[in-house]
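Residues per chain are reported as follows:
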Amino acid sequence: MAELSAGSHPVQTVQEVYLAHTQRKRLYSFLMLVIFIFVMVAGFNTAAGRNGGSFWGGIDNIFDYPAEVVSEAASKASELPGHFLTFLPALIETVNIAAVSTLIGALMAIVLSLLSTRGLARFPRLIGVFRRTMDTMRAVPEIVIALVLIFILGGGPVPAMIAIAFHTAGALGKLFSEVNENADLKPVDGLASVGATWSQKMLLGVVPQVAPNWLSYALLRFEVNIRASAILGFVGAGGLGYELKNAISWGQGRFDEAGAMFILLFLTIILFDQISSYYRDRLVHGSGEGAH
């Protein structure tokens, strides 16, 4: 009995430590929630006090604008197919911006991820530098980069493409590096033993292992970039967002065009979401026949 009591003491201590840790986590979570609510309420009150618009005073009218858009679009439903054809080139431009920026960003992310992965890096002492570079790239919002580039380069799809590609490289680089860390290093060691260069070791020993996951993340990012390219159109970066901004700014009389563009964008996002989900599942888990 004495031995049992002595043996159960460490278990009891571990349980007490775990419970205390859990209680601290709950307390910290509660305090963070209280702080978040306080900051939100203070922000609403500050905006109202500085004549920036009252959230509480305008919350009753939150559905007025969508109702006007839906009402006008419904009353001109016969004109919607024509609007779809009119704004189809702008939609294609938006998708092209997302596709090109995803491709460029993914290629940059591949290089950055390989240079920032322990055990694979070409310059091990610079791993921290490359990681902080990716942190910076994904920390800066696309819209900020686009606004600066529009001031330098002028309006159009090029600033949007550069801005989204820059942010994509940082975001995908982080995900790619996590995938790289799970790669088996035996093929890399084998290639090193026969005198392969760093590029050859990465291309032949690492890429075949991680390529399916890379493609999966890139497809997921492509969906995000379609939405981002549409949003950047509001600041003059071209595409469907630019046309949508013009229709909204005009006001009543063109709400049917805005409704048509909303429908086009919604259907496009759903379409590419389904396509990318299917291929991401095939890449990660293989085909249905292979699973059986």
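Residues numbered from 1 in each chain as written. Predicted model: local features only at pLDDT ≥ 70, side-chain atom pairs only at ≥ 80, totals over all residues. Heavy atoms only, no water.

Let's talk about the overall build of the protein
Threshold: Helix numbers and strand numbers start at the N terminus; a helix is a DSSP run of H or I with at least 4 residues, a strand a run of E with at least 2. Note on classification: 1.4 Å probe, protein chains only; a residue is buried when its accessible area is under 20% of the maximum for its type, exposed when over 50%, partly exposed between these limits. Areas reported as accessible are Shrake-Rupley estimates using a 1.4 Å probe. Residue values count occlusion only from the protein chains shown.
Counting its regular elements, the protein contains 12 helices and 0 strands. Along the protein, helices (α) and strands (β) appear in the sequence α-α-α-α-α-α-α-α-α-α-α-α when read from the amino end. Burial statistics for the protein: of 292 residues in total, 33% are counted as buried. Taken as a whole, the protein presents about 17,900 Å² of accessible surface, with 67% of it coming from carbon and sulfur.

Regarding the pattern of salt bridges
For clarity, the cut-off: Whenever Lys or Arg places a side-chain nitrogen within 4 Å of a carboxyl oxygen from Asp or Glu, that contact is recorded as a salt bridge.
One pass over the full model with this rule turns up 5 salt bridges. Between aspartate 135 and arginine 132 there is a salt bridge, with the nearest N and O atoms lying 2.9 Å from each other. One end of the pair, aspartate 135, and the other, arginine 132, are both in helix H5 (residues 127–139), 3 residues apart, so they sit about a helical turn from each other. By relative accessible area, which is 26% here, aspartate 135 ends up partly exposed. Lysine 174 is paired through a salt bridge with glutamate 178; the nearest N and O atoms lie 3.9 Å apart. In this pair, lysine 174 and glutamate 178 are both assigned in helix H7 (residues 157–180), 4 residues apart and thus about one turn of the helix distant. The class for lysine 174 is partly exposed, based on a relative accessible area of 37%.

Some remarks on a nonpolar patch on the surface
Stated precisely, the cut-off is as follows: Here a patch means residues that are over 30% exposed by relative accessible area and free of salt bridges, tied together within 9 Å if like-charged and within 5 Å if nonpolar (Val, Leu, Ile, Met, Phe, Trp, Tyr).
Residues Ile143, Val144, Leu147, Val148, Phe151, Ile152, Leu153, Val158 and Ile162 make up a contiguous nonpolar surface patch of about 850 Å² in total accessible area. Elements with a contribution of two residues or more to the nonpolar patch: helix H6 (142–153) and H7. A per-element tally of the nonpolar patch places H6 first, with 7 residues. Mapping valine 148 onto the fold places it in helix H6. Judged by relative accessible area, which is 46%, valine 148 ranks as partly exposed.

Observations regarding the packing of helix H4 (residues 80–115) against helix H9 (residues 198–232)
Formally: Structural elements are reduced to axes, namely lines fitted to C-alpha atoms, with helices fitted over the stretch in contact, and the angle between N-to-C directions of any two is expressed from 0 to 180 degrees. Crossings are sorted by hand: turned counterclockwise from the far helix by less than a right angle, the near helix makes the crossing left-handed, and turned clockwise it makes it right-handed. Two residues qualify as a contact provided that any one of their heavy atoms is within 4.5 Å of a heavy atom in the partner residue. Polarity classes work like this: nonpolar for Ala, Val, Leu, Ile, Met, Phe, Trp, Tyr, Cys and Pro, charged for Asp, Glu, Lys and Arg, and polar for all others, with Gly in that last group.
Two numbers describe how H4 lies on H9: the axes approach to 8 Å, and their chain directions differ by 145°. Where H4 crosses over H9, the two elements pack in a sense that is right-handed. Of the residues in H9, those in contact with Thr94, Val95, Ile97, Ala98, Ala99, Ser101, Thr102, Ile110, Ser113, Leu114 and Leu115 of H4 are Trp198, Met202, Val206, Trp214, Ala218, Arg221, Phe222, Asn225, Ile226, Ser229 and Ala230. Its residues placed into classes, the contact of H4 with H9 shows 15 nonpolar, 6 polar and 1 charged.

Describing the packing of H4 against H7
Stated formally: Orientation labels follow simple angle bins: below 35 degrees gives roughly parallel, above 145 gives roughly antiparallel, 65 to 115 gives roughly perpendicular, and whatever is left gives oblique.
Running from amino to carboxyl end, H4 crosses H7 at an angle of 40°, the nearest separation of the two axes being 6 Å. On the basis of their axis angle, the class for H4 and H7 is oblique. Two packed elements cross with a definite hand, and for H4 against H7 that hand is right-handed. For the contact of H4 with H7, the per-class residue count stands at 16 nonpolar, 8 polar and 1 charged.

Some words on the confidence of the model for the protein
One rule of thumb: low pLDDT means the predicted coordinates there are not for detailed reading. The following threshold applies: A residue's pLDDT is the predictor's confidence in that residue, given on a scale from 0 to 100.
Residues of the protein with pLDDT of at least 70 account for 87%, and the chain-wide mean is 83. Model confidence for the protein, summarised as mean pLDDT per element, is weakest for helix H12 (residues 288–291) at 46 and strongest for H7 at 92. In this model residues 1–8 is a low-confidence stretch, pLDDT under 50, and it forms 0 contacts with partners more than four residues away in sequence or in other chains.

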